[in-house]
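# Coordinate analysis (summary)
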Amino acid sequence: MKAEDSFLFHLLGGGQRQFVIPVFQRDYSWSETQCRQLLNDVVRVGAQGEGATHFVGSIVSVASTDQGAVLPQWLVIDGQQRLTTCTILLTVLRNRLAKRQDLPITDTAEALEEQYLTNKFAPPLLRARLSLRGTDDACLKALLSGSAMPEGTSSRVAANAAFFDECLVDADELVVLRGMRRLLVVAVTLSPKYDNPQLIFESLNSTGMALTQADLVRNYVLMGHAEQRQTDWYEEYWRPLEMAFGANYRASFDTFLRDFLALELKLPNPPRLDHVYREFRTWYPSRLDTPEVEGDAKAKLNRLRRFGTHYCTFMFEQQKATGVVGEVLLRLKTLVDVAAPSVMVWLETWLHEKKLSDKEAAAGLELLESYVLRRSMVSADTRSGGKIFNSLAQRLSGDRPLARLAALLARMPKGAEFPPDSAFKNALKTQDLYGRRSLKYLLDRMTNSGKEKVITESLTIEHVLPQKDELAPEWQEMLGPNWREVRELNQHKLGNLTLTGFNSELQARPFQVKKEAPDWGYANSAVWLSRRIAQESSWGETQISARGQELAELAARL
């Protein structure tokens, strides 16, 4: 195996030869999206100054063992999508250059034809420098010769040729050609004697883990530097991120990058996960050819590292935040994940910019906590949560950050309003809350609202008035002749719910048994919410409503 850097044109124009896509390869499949990205890269690098290049990937090939070929053939093991797309673009460019009369001899359509697209004196089957599979090959040959496309075909070759032709209508063909001359590849050539092309193909196209967006970003940051600088930058900027994410790196780093880049680029919506690498290239300098640009790159990598640490603190290691801030972070994470953009900015304001005291940092997180909980309880739409917290985060910078956060939450637009006390308390009193994700959290917060704390992790939600279809005679007598209707209307209300470690003992027993049983009755509970219930002589709609009002007032104060 031999690998070397090469310009794509050197690879295509290296003497009389033909690249062949073997039968075991898939059909050509690049979409307009991928073609547009390639063309954008070509135009960008073509417009840059002398010495600019753009790396498009690797081309892995092996010499054909066909002894009867009259010119060398190379089987393409990997890179057929890039190689085919570049050939299509070059062919369309050749056709457009044929209409110009003001070109130097090296840029004429005939020069491109003879150097990179065809083997002028080869037999017809070997005339094209790239030979595809089946219908794709028929379409490429038609494109190269300028003849009509085969009827009834749906090859991407024809579709992408038409796409490039449309895109080049207003383009400067010489800029595009200059960009194509600057495309770099890694040309990997295999030895048929020592390398097994099929095994290598299976390895390259295996069902194992594909490159993540984070992998692509890391390589983009580090590749192109001298070896020592690659090592230094990896140790200073990237390894701390990998260490912070730990076992969560592969599963969560792309999501962090998505949220981070949405903030940095001020995008109205977080980008798709598979577009993260593309957005990163928009944000990060493409060439570090001056001290100023290199300094900007380092500053951005430092910011990336800090925000990655903030993200991990919120998502995985809330205890790393000091004191009460860590406690509030843990509560907020229990409620929501998509608040990460706002939390990252808030932690940056606190820890790096030093604009917040510990008390103010905790107070701001409590505002976010209240916002999330209140919206969940009033049944507000939560599908746009990511967009809401991204937008909020982008407006948090400035002086007096705590006052600014409060003002922003008070002035949230329609559909994202901060529910006031009246709406919050009304929802707690009137809605069926059982089954809500945040119900256990709400009961826990009220249980531990005083100085004495109870560990509630192992506790479950208890219905005082049971859910059972057929209630015990004691319950029916207590609730009256309309007991079914009373139970149906009140069983899932906040006033009828509490926390207990004895759900299996309590079950649907009569109220007096639930209240007074030794060891597991409400009167002996460590949870004050349950002890308060034990003060009642009976339990029905009146008591449930009154307790709901009491708990709603407490929740609003919290």
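This structure is a prediction, so every number in the text was calculated from the model and none was measured. (Residues numbered from 1 in each chain as written. Predicted model: local features only at pLDDT ≥ 70, side-chain atom pairs only at ≥ 80, totals over all residues. Heavy atoms only, no water.)

### Side note on the overall build of the protein
Inclusion rule: A run of H or I in DSSP counts as a helix once it spans at least four residues, and a run of E counts as a strand once it spans at least two, with each numbered from the N terminus. The atom set for the radius of gyration is the C-alpha atoms, and the globule formula is 2.2 Å times the number of residues raised to the power 0.38. Burial status follows relative accessibility: with a 1.4 Å probe on protein chains alone, a residue under 20% of its type maximum counts as buried, one over 50% as exposed, and anything between as partly exposed. When checking whether two residues touch, look at their non-hydrogen atoms; a contact exists if any pair is within 4.5 Å. All accessible areas in this document rest on Shrake-Rupley with a 1.4 Å probe, and a residue is counted as covered only by the protein chains that are shown. By the counting rule applied here, Lys and Arg register as positive and Asp and Glu as negative, while His and the ends of each chain are not counted. Lysine's charge is taken at NZ, arginine's at CZ, aspartate's at CG and glutamate's at CD.
Looking only at helices and strands, the protein has 26 helices and 8 strands in total. For the protein, the C-alpha radius of gyration of 33 Å lies well beyond 24 Å, the compact-globule estimate for 558 residues. Reported as C-alpha extents along the three principal axes, the dimensions of the protein are approximately 105 × 55 × 45 Å. The buried share among the 558 residues of the protein stands at 47%. In the protein, 71% of the contacts between residues at least 6 apart in sequence involve partners at least 24 apart. Counting every atom, the protein has about 27600 Å² of accessible surface; 51% of that belongs to carbon and sulfur. Averaging the coordinates of the 69 positive side-chain charges in the protein and doing the same for the 69 negative ones gives two points 2 Å apart.

### Quick notes on the packing of helix α19 (residues 421–430) against helix α26 (residues 541–557)
Inclusion rule: Under this scheme, a helix contributes an axis fitted over its contacting stretch, all axes are lines through C-alpha atoms, and angles between N-to-C directions fall in the 0 to 180 degree range. Left-handed describes a crossing in which the near helix is turned anticlockwise from the far one by less than a right angle; the clockwise case is right-handed. Asp, Glu, Lys and Arg are counted as charged, while Ala, Val, Leu, Ile, Met, Phe, Trp, Tyr, Cys and Pro are counted as nonpolar; the rest, among them Gly, fall into the polar class.
Between α19 and α26, whose axes approach to 9 Å, the crossing angle comes to 140°. Here the hand of the crossing between α19 and α26 comes out right-handed. In this structure, α19 uses Asp421, Phe424, Lys425, Leu428 and Lys429 to contact α26, whose residues at the interface are Gly548, Gln549, Ala552, Glu553, Ala555 and Ala556. Here the residues of the contact of α19 with α26 sort into 5 nonpolar, 2 polar and 4 charged.

### What to know about the side chain of Asn390
Counting through the fold element by element, Asn390 comes out in helix α17 (residues 385–394). In contact with Asn390, other than residues within four places in its own chain, are Ala262, Leu263, Leu267, Pro268, Asn269, Pro270 and Pro341.

### Quick notes on helix α7 (residues 173–181)
Going by this rule: The term polar contact refers here to a pair of N or O atoms within 3.5 Å; inside protein, the definition further demands a hydrogen-donor-capable atom paired with an acceptor-capable atom, and it admits residues adjacent in sequence only when both atoms are side-chain atoms.
Those residues of α7 lying buried are Glu173, Val175, Val176, Leu177, Gly179 and Met180. The secondary structure elements touched by the buried residues of α7 are α1 (8–12), α2 (32–47), α3 (80–97), α4 (109–117) and β6 (183–190). Sitting at the amino-terminal end of α7 is Asp172, which places a side-chain oxygen 3.0 Å from the backbone nitrogen of Leu174.

### Description of the environment of Ala340
Relative to the helices and strands, Ala340 is located in helix α15 (residues 340–351). Residues Ala340 and Phe256 lie 84 residues apart in sequence; the distance between their C-alpha atoms is 8.4 Å.

### With respect to unusual backbone geometry
The phi angle at Arg400 is positive, at roughly 50°, despite the residue not being glycine. Structurally, the position occupied by Arg400 is in the loop between α17 and α18 (401–410).

### A few points about the environment of Ala138
Among the secondary structure elements, Ala138 is positioned in helix α5 (residues 134–145). Take Ala138: its relative accessible area is 35%, and that puts it in the partly exposed class. Here the alpha-carbon distance between Ala138 and Ser504, two residues 366 residues apart in the chain, equals 73 Å.

### Focus on the pattern of salt bridges
Which entries qualify depends on this criterion: Just to be clear on terms, a salt bridge is a Lys or Arg side-chain nitrogen sitting within 4 Å of an Asp or Glu carboxyl oxygen.
For the structure shown, the criterion picks out 35 salt bridges. Here Arg303 and Glu348 are joined by a salt bridge, their closest N and O atoms 3.8 Å apart. Within this pair, whereas Arg303 is found in helix α13 (residues 291–315), its partner Glu348 is found in helix α15, the two being separated by 45 residues in sequence. Residue classification places Arg303 among the partly exposed residues on the basis of a relative accessible area of 27%. Taking the relative accessible area as the measure of exposure, Glu348 reaches 2% and is therefore buried.

### Section: the sheet that holds strand β3 (residues 54–63)
For clarity, the cut-off: A pair of strands is labelled paired if DSSP reports no fewer than 2 bridges between them.
One open sheet accounts for 6 strands, arranged β1-β6-β3-β4-β2-β5; its pairing is mixed. Of all the strands in the sheet, the pair left with one neighbour each is β1 (2–7) and β5 (130–131). Here β3 pairs with strand β4 (residues 73–78) via 4 bridges, running antiparallel. By the bridge assignment for β4, Val62 is matched with Leu75.

### Some remarks on the pairing of β4
Summarising burial for β4: 5 of the 6 residues are buried, a large majority. In terms of strand pairing, strand β2 (residues 18–20) meets β4 through 3 bridges, oriented parallel. Considered in β4, the bridge of Phe19 is made with Trp74.

### Some thoughts on helix α22 (residues 483–490)
The condition is simple: What the arc covers is the set of directions going from the helix axis to the C-beta atoms.
Trp483, Val486, Arg487 and Asn490 are the residues of α22 that are buried. Seen from one end, α22 has its buried residues packed into an arc of 95°, which puts them on one side. In this structure, the buried side of α22 is in contact with α21 (473–479) and α26.

### Some remarks on the packing of helix α16 (residues 358–377) against α19
Condition: Any angle from 65 to 115 degrees is called roughly perpendicular, while one under 35 is roughly parallel, one over 145 is roughly antiparallel, and all others are oblique.
One can describe the packing of α16 onto α19 by two numbers: an axis separation of 9 Å at closest approach and a directional angle of 50°. What the angle tells us is that α16 and α19 run oblique. Crossing hand, α16 versus α19: left-handed. Along the contact surface, α16 presents Leu373, Arg374 and Met377, while α19 presents Asp421, Phe424, Ala427 and Leu428. Within the contact of α16 with α19, the residues separate by chemical class into 5 nonpolar, no polar and 2 charged.

### Observations concerning the side chain of Gln491
By the secondary structure assignment, Gln491 is in the loop between α22 and β8 (497–500). Given the relative accessible area of 7%, Gln491 is considered buried. Those residues in contact with Gln491, other than ones at most four positions away along the chain, are His463, Leu465, Pro466, Gln467, Asn496 and Leu497.

### Focus: the environment of Leu329
You can see Leu329 is positioned in helix α14 (residues 323–335). Spatially, the C-alpha atom of Leu329 lies 24 Å from that of Arg411, the residues being 82 residues apart in sequence. Excluding residues that lie within four positions of it along the chain, Leu329 makes contacts with Thr313, Phe314, Gln318, Ala321, Val343, Leu347 and Leu365.

### Regarding the confidence of the model for the protein
Selection rule: Scored between 0 and 100, pLDDT is the confidence that the predictor attaches to each residue.
Counting all residues, the mean pLDDT for the protein is 89, and 94% of those residues have values of 70 or more. Every residue in residues 205–209 scores below 50 in pLDDT, and together they form 3 contacts with partners more than four places removed in sequence or on other chains.

### Topic: the state of the cysteines
For clarity, the cut-off: For the purposes of this analysis, a disulfide is any pair of cysteine sulfur atoms at a distance within 2.5 Å.
On inspection of all chains with the given rule, the structure shows 0 disulfides. The closest cysteine sulfur to the non-disulfide-bonded Cys35 is located on Cys167, 8.8 Å from its own sulfur. Classification of Cys167 by relative accessible area gives partly exposed; the value is 32%.

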